[in-house]
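Architecture at a glance
The primary structure of each chain is shown beneath.
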Amino acid sequence: MPSLMILIPLFGVIILNLVFASNDKMKRAAFWFALALFISQIAVAIFHHPIFWNNSLKPLDSFFKVSFFVDHLSFIMFICIGMVSIASLFVAKYTITEEGGRFKFINLLILASLGMSGIIMVKDIFSLYVFMEITAVSSFLLIAYPKSLESLEGAFKYLILSAVATVLMLSAIGILLLASGGTSFFAIASGIAEARNSSLIVFAIGLFICGLFIKGGLVPFHGWLPDAYTAAPASVSVLLAGVVTKAAGIYTMIRIVTSLFPYNQPVNNVLMLVGTISIFVGAIVAIGQDNFKRMLAYSSISQMGYIILGLGTGTGLGIAGAVFHLFNHSVFKSLLFVNSAAVEKETGTCDMNKLGGISQKMPVTGATSVIAFLSTCGIPPLSGFWSKIIIVIALWQTSHYAYACLAVLASIITLAYFLSMQRRVFFGKLRSGLEGLKEADRGVLAVSIILAAITIGVGVFFPFFFNIFILPVKEILVR
Amino acid sequence: MPGHAILFPIIIPLITALAVLFVPKRAGWAKEIVSVAGTALNFFAAIILFRSNLNFSIPWSGFGIDLSLRLYQFSAFIILAVAGFAFLVTLYSTASLHAKNYAKQFYVYLLLTFCMVNGAVLSDNLIVMLFFWEGTLLTLFGMIAIGNKNAFKTATKAFIIVGVCDLCMMTGMAITAHLAGTLTISQIAITTGGLGGLAFILLVIGAISKAGSMPFHSWIPDAAIDAPLPFMAILPAALEKLLGIYFLTRISLDMFKLDVHSWASTTLMTIGAITIVLAVMMALVQKDYKRLLSYHAISQVGYMILGIGTLVPVGIVGGLFHMINNALYKSCLFLTGGSVEKQAGTTDLAKLGGLRRKMPITFTCFLIAAASISGVPPFNGFFSKELIYDGALERGLIFYIAAIAGSFLTAASFLKLGHAAYLGKGQSKTDVKEAPVRMLIPMIVIALTCVLFGLWNALPLKGLIQPVLGERLEGHNFAGLPSNALLVIITVVVLALALLNHIYGVRKSGKAIGASDHIRHAPVLDSIYDRAEKRFFDPYNIGLHIVNLFSRIASWLDKAIDWVYNVMVVRTMYAITGAIRKLHTGNYSSYILWSIGAMVLIVIFLIRSI
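Everything numeric here is computed off the predicted structure, so don't read it as measured data. (Residues numbered from 1 in each chain as written. Chains lettered and ligands numbered in written order. Predicted model: local features only at pLDDT ≥ 70, side-chain atom pairs only at ≥ 80, totals over all residues.)

1. A closer look at the overall build of chain B
Basically, it comes down to this: Note on conventions: DSSP H or I runs of at least 4 residues are helices, E runs of at least 2 residues are strands, and numbering of each starts at the N terminus. Here exposure depends only on C-beta density: within 10 Å of a residue's C-beta, 20 or more other C-beta atoms make it buried, 12 or fewer make it exposed, and intermediate numbers make it partly exposed, the C-beta atoms being placed from the backbone.
Scanning chain B from N- to C-terminus turns up 23 helices and two strands. Within the span of chain B, comprising 610 residues, buried residues form 52% of the whole.

Structure, rendered in structure tokens:
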């Protein structure tokens with residue numbers, strides 16, 4: 001069954017190019033095809049509860065020679081991927097006016113989603129690498145797609161840093177293969193368990209974690225991220241910030257750390273330290289930004305820090321909090337990027353010094369971004385509050401009082417930069433020259449409203465979501 | 001009589017108030033007619049309820065909080081008095097307020113006040129009483145606030161002073177309920193030892209602040225100027241005295257077991273004596289009709305507190321008798337003040353004069369009431385004061401001297417007031433006429449009652465007051481002529497001295513209004529008066545100064561904290577941000593270097609921690 005999640009986008013791309021590439025009219029319809037595809041992917045994920053998932057469809061699975069595996073954590077990632085892909089699709093429809101360009105974008109989007117679906121289902125470390133590269137390559141192309149100097153530079157930075165990460169991870173995989181004689185998670189886990197104190201294996205673990213830090217854009221491995229996010233076209237920023245870095249970096253980190261490596265204190269210390277540094281550096285640098293999207297990029301780094309910090313506690317609650325924050329972040333950060341796309345498209349700029357008071361002309365965009373940033377800062381009862389408080393509680397329970405206090409303190413800085421963003425962009429007096437401003441188109445507004453509704457809904461019905469979907473995630477610790 | 005009948009004094013004013021509220025604006029006299037009819041009905045109900053003992057209780061909110069009401073001799077007496085004043089003052093208001101645009105609001109507040117006062121008097125449960133008691137605070141605020149343009153400030157002042165005192169009372173009630181183990185007032189019987197003493201003090205603060213005693217008085221003179229006049233005649237002059245002294249009597253006699261020679265008694269008497277002297281000193285030098293009266297409204301409370309504080313039968317009877325007498329003559333005096341204000345257009349004594357010929361009936365009523373308050377025999381004030389003197393003398397000479405000094409100054413100030421306003425040459429407008437009949441009737445009725453209660457003092461004493469005390473009186477009967485002839489002689493001598501003092505003052509200054517100038521400018525008093533007139537001694541102003549000081553300190557602290565947050569933190573933050581931003585050169589070789597460097601550190605850390 002899990003292979004369906006790969007097969008849908010795979011055959012989707014093929015059908016897309018066979019059927020829809022013929023003329024401009026068909027290319028316009030490609031949008032609806034991709035939408036249907038992503039919705040069906042979400043539907044498949046939702047209607048197959050993880051318990052029934054792992055019955056393999058023998059003939060199909062043998063087709064791949066890769067064993068797929070789905071649990072509660074993958075389920076949440078599926079939802080994130082589907083949701084953010086749809087948001088990105090709508091933004092593309094809104095911002096990319098040229099039919100051919102949009103068609104290419106849809107192709108790459110489906111491929112990226114294929115890669116990410118693979119990442120979250122594989123059971124062996126080499127396949128993981130392969131799917132990660134699929135995602136990464138389609139992301140490079142997506143960033144570079146406008147072919148402007150800026151976007152090429154952003155893509156190139158991502159490419160170079162990704163290459164470094166690839167080198168690190170491949171070396172680690174090689175060493176682990178040597179040490180354990182297999183690439184499946186199970187084989188590596190048992191191999192590591194046997195030679196726990198071998199410095200070679202610890203070296204490999206270190207390399208692999210650092211590779212993932214680069215992919216996830218944690219400080220000080222984050223150099224590529226602000227440039228890539230800012231240079232990428234709006235729809236790609238949504239995809240990158242909403243899900244790509246999370247699937248490639250954070251999800252893999254959670255999976256690797258819990259089921260592969262000995263989940264021990266030194267690794268936890270590294271995770272918590274890097275997480276805290278990311279939280280603070282991301283937040284502090286975000287304060288000084290003048291570019292809307294760049295501020296959101298730094299904010300992303302800061303929020304990734306929270307997820308890693310929660311993961312670093314090593315307890316079930318901490319991981320549940322991390323996963324919950326991952327989900328919430330992909331909701332509200334894609335919402336903010338969608339809004340930034342609307343602002344960029346309508347005003348033609350992302351420079352906050354040239355914006356101001358546009359809430360009067362774009363009320364929905366202004367209101368939903370208020371919800372998103374309040375959720376980011378952790379204001380109850382929005383969803384971000386609950387995930388942050390769970391991470392803080394988990395830190396407190398494991399006696400990491402200093403980290404807990406810092407995590408709370410950083411929320412204030414988050415509030416500071418988002419309040420200044422909101423004031424400079426949306427509130428206050430309408431800046432002259434923006435009098436003719438119009439609200440974004442209906443599709444984008446619908447996406448904004450739905451994402452805002454998810455943020456509020458998950459926050460208000462927090463116990464339901466948390467107990468049914470998030471808390472079972474901690475089963476991965478048992479395995 | 002059915003137990004539900006006890007609800008009439010609460011429900012009738014309430015329904016009337018709601019009815020007035022729904023009277024359309026164009027309906028002319030309808031609101032006046034409804035109000036007068038409602039208060040008349042209330043008066044009728046009070047008469048019927050008089051002399052009946054009723055208990056009524058329904059569960060209200062659990063925890064021993066029942067809506068329990070109790071009608072017995074004392075509460076029935078207060079209800080009757082309240083209903084009488086309510087009817088007369090409402091009738092008076094129909095004439096004096098009709099043209100005012102706030103008239104409708106005033107009637108609603110007034111009727112709600114009657115409802116609340118009746119409820120507070122009747123309730124036999126501390127919490128229920130507190131509910132009605134606080135209700136009077138709200139209507140008090142409303143009635144002052146609708147006055148002239150300064151009224152809102154005065155209303156706030158009154159609200160804060162009375163509110164703080166009510167808060168004290170609330171705390172006292174909580175302690176009392178804790179000590180007594182019950183909220184039912186008629187079952188409470190505790191001592192003033194330890195925590196009980198604190199409870200007593202707190203409850204007394206609530207009661208005497210309602211009555212307007214010092215040091216909780218300072219809003220009354222302001223309200224006299226700013227609030228609508230009938231308000232002064234009904235609330236500070238009559239209803240609040242009745243309510244406050246009623247509750248003080250309940251505290252001192254029923255709820256707490258007080259010994260005659262206890263500290264509690266001495267404290268009460270001291271408060272009473274100080275209030276008498278200080279307030280009347282202030283009254284003496286006032287140059288405004290209403291403001292002068294308002295200080296007397298404070299001063300007279302002192303006599304009541306002094307009388308009840310003696311805890312000897314003659315003092316208590318005197319205090320309660322003085323309570324009803326004061327309500328009568330003080331409301332009568334305020335009503336004459338209102339008539340003068342309406343007809344002559346001012347209450348400034350310097351601009352008044354010679355009203356005796358133009359407003360003879362008002363003048364006569366004023367004369368009777370002024371004689372009563374000064375304690376001239378055979379008016380009612382004379383008899384109640386004699387009883388209080390008797391009680392005070394029994395407890396200590398100093399209290400007697402304070403009381404008699406108060407009498408001297410009271411007489412002096414009313415000689416001045418009467419002389420300046422009614423006698424002498426007319427400086428005021430020439431076309432001043434007598435007040436309309438609806439304003440005269442209440443004045444006449446009250447003035448006649450003053451005479452009646454004086455000449456036939458057995459009627460109030462035997463019929464109203466002595467039954468309240470029951471066996472406590474030990475067979476005494478205080479009706480008839482005063483028993484101590486020496487005290488009567490002293491009183492008469494003091495009144496004569498007051499007259500001589502007045503003549504001396506008028507001669508010296510050359511005009512009636514300057515009759516008290518020689519006291520005002522006496523060597524030591526001069527500076528004290530100066531300070532008092534600058535509100536140096538007003539507890540409210542002192543409180544405001546303290547609060548101001550605190551708020552200034554808090555504001556400095558706040559500014560300092562603001563500076564830390566708004567300047568220091570922000571500057572630090574921008575410095576750090578700028579430094580980190582400079583590191584982000586966009587040069588990816590440096591990014592790679594960071595990554596590699598961090599990786600090396602992490603790997604070394606992991607390997608070292610094996």
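Okay, back to it.
2. Some details on the interface of chain A and chain B
Put simply, the rule is: Two residues qualify as a contact pair if the distance between their C-beta atoms, derived from the backbone, is within 7 Å.
Taken together, the contacts link 27 residues of chain A with 22 residues of chain B. If you list the elements that add at least two residues to the side of chain A that touches chain B, you get α8 (149-180), α10 (199-216), α11 (224-231) and α13 (265-287) of chain A. The dominant element in the side of chain A that touches chain B, judged by the number of residues it contributes, is α10 of chain A, at nine residues.

3. Description of the packing of helix α4 (residues 103-122) of chain B against helix α5 (residues 126-145) of chain B
Residues and elements named next belong to chain B. This is how the line gets drawn: Throughout, an axis means a line fitted to C-alpha atoms (over the contacting stretch in the case of helices), and angles, computed between N-to-C directions, take values from 0 to 180 degrees. In this scheme, roughly parallel covers angles under 35 degrees and roughly antiparallel covers those over 145, while 65 to 115 is roughly perpendicular and the rest are oblique. Left-handed describes a crossing whose near helix is turned anticlockwise from the far helix through less than a right angle; right-handed describes the clockwise counterpart. Amino acids outside the nonpolar list (Ala, Val, Leu, Ile, Met, Phe, Trp, Tyr, Cys, Pro) and the charged list (Asp, Glu, Lys, Arg) are all regarded as polar, and Gly is one of them.
Relative orientation of the contacting elements α4 and α5 amounts to 160°, with a least axis distance of 8 Å. Between α4 and α5, the interaxial angle falls into the category roughly antiparallel. Seen along the crossing, α4 lies across α5 with a hand that is left-handed. In this structure, α4 contributes Gln-105, Phe-106, Tyr-109, Leu-110, Leu-112, Thr-113, Met-116, Val-117, Gly-119 and Ala-120 to the contact, and α5 contributes Met-129, Phe-132, Trp-133, Gly-135, Thr-136, Thr-139, Gly-142 and Met-143. Its residues assigned to classes, the contact of α4 with α5 shows eleven nonpolar, seven polar and no charged.

4. Some words on the packing of helix α10 (residues 263-284) of chain B against helix α16 (residues 397-422) of chain B
Residue and element names in this part refer to chain B. At a minimum axis distance of 9 Å, the contact between α10 and α16 shows a crossing angle of 20°. Considering the angle they form, α10 stands roughly parallel to α16. Crossing hand, α10 versus α16: left-handed. The residues of α16 that touch α10, namely those facing Met-269, Ala-273, Ile-276, Val-277, Val-280, Met-281, Ala-283 and Leu-284, are Phe-399, Ala-402, Ala-403, Ala-405, Gly-406, Leu-409, Thr-410, Ala-412 and Ser-413. Residues of the contact of α10 with α16, tallied by class, amount to 14 nonpolar, three polar and no charged.

5. What about the confidence of the model for chain B?
Residue and element names in this part refer to chain B. What counts is decided by this rule: The predictor attaches a confidence to each residue, and that confidence, scored 0 to 100, is pLDDT.
Averaged over every residue, the pLDDT of chain B is 81; residues scoring 70 or more account for 96%. Averaged pLDDT values over the elements of chain B bottom out at 72 in helix α20 (residues 517-520) and peak at 87 in helix α23 (residues 588-608). Overall fold confidence for the complex sits at a pTM of 0.59, while the interface term, ipTM, reaches 0.84.

6. Overview of the nonpolar core
What counts, and what does not: By our criterion, buried Ala, Val, Leu, Ile, Met, Phe, Trp, Tyr and Cys residues that link up through C-beta atoms within 7 Å make up a nonpolar core.
Judged by nonpolar contacts, the single largest core of 192 residues is most densely connected at Val-82, Ile-144, Leu-242, Cys-332, Ala-369 and Ala-403 of chain B. Setting aside residues up to four positions removed in sequence, Ile-144 of chain B forms contacts with Ala-151, Thr-154, Ala-155, Ala-158, Ala-223, Asp-226, Ala-227 and Phe-231 of chain B.

7. Some words on unusual backbone geometry
Residues and elements named next belong to chain A. In this model, Val-219 is joined to Pro-220 through a cis peptide bond whose omega is 0°. Residues Pro-380 and Pro-381 are joined by a peptide bond in cis, for which omega reads 0°. Relative to the assigned elements, Pro-381 resides in the loop between α16 (363-377) and α17 (383-397). Look at Ser-399: it is not a glycine, yet its phi comes out positive at around 65°.

8. Let's talk about α17 of chain A
Residues and elements named next belong to chain A. Applied cut-off: For a helix, the expected span equals 1.5 Å multiplied by the residue count minus one.
Here α17 is 15 residues long and its end C-alpha atoms lie 21 Å apart, about the 21 Å a rise of 1.5 Å per residue gives. Counting buried residues in α17 gives eleven out of 15 residues, a clear majority hidden from the surface. Buried residues of α17: Ser-383, Gly-384, Phe-385, Trp-386, Ser-387, Lys-388, Ile-390, Ile-391, Val-392, Ala-394 and Leu-395, and no others. On its buried side, α17 packs onto α14 (292-312), α15 (316-347), α16, α18 (401-425), α19 (442-460) and α20 (462-470). Backbone geometry just after α17 places Ser-399 at a positive phi near 65°.

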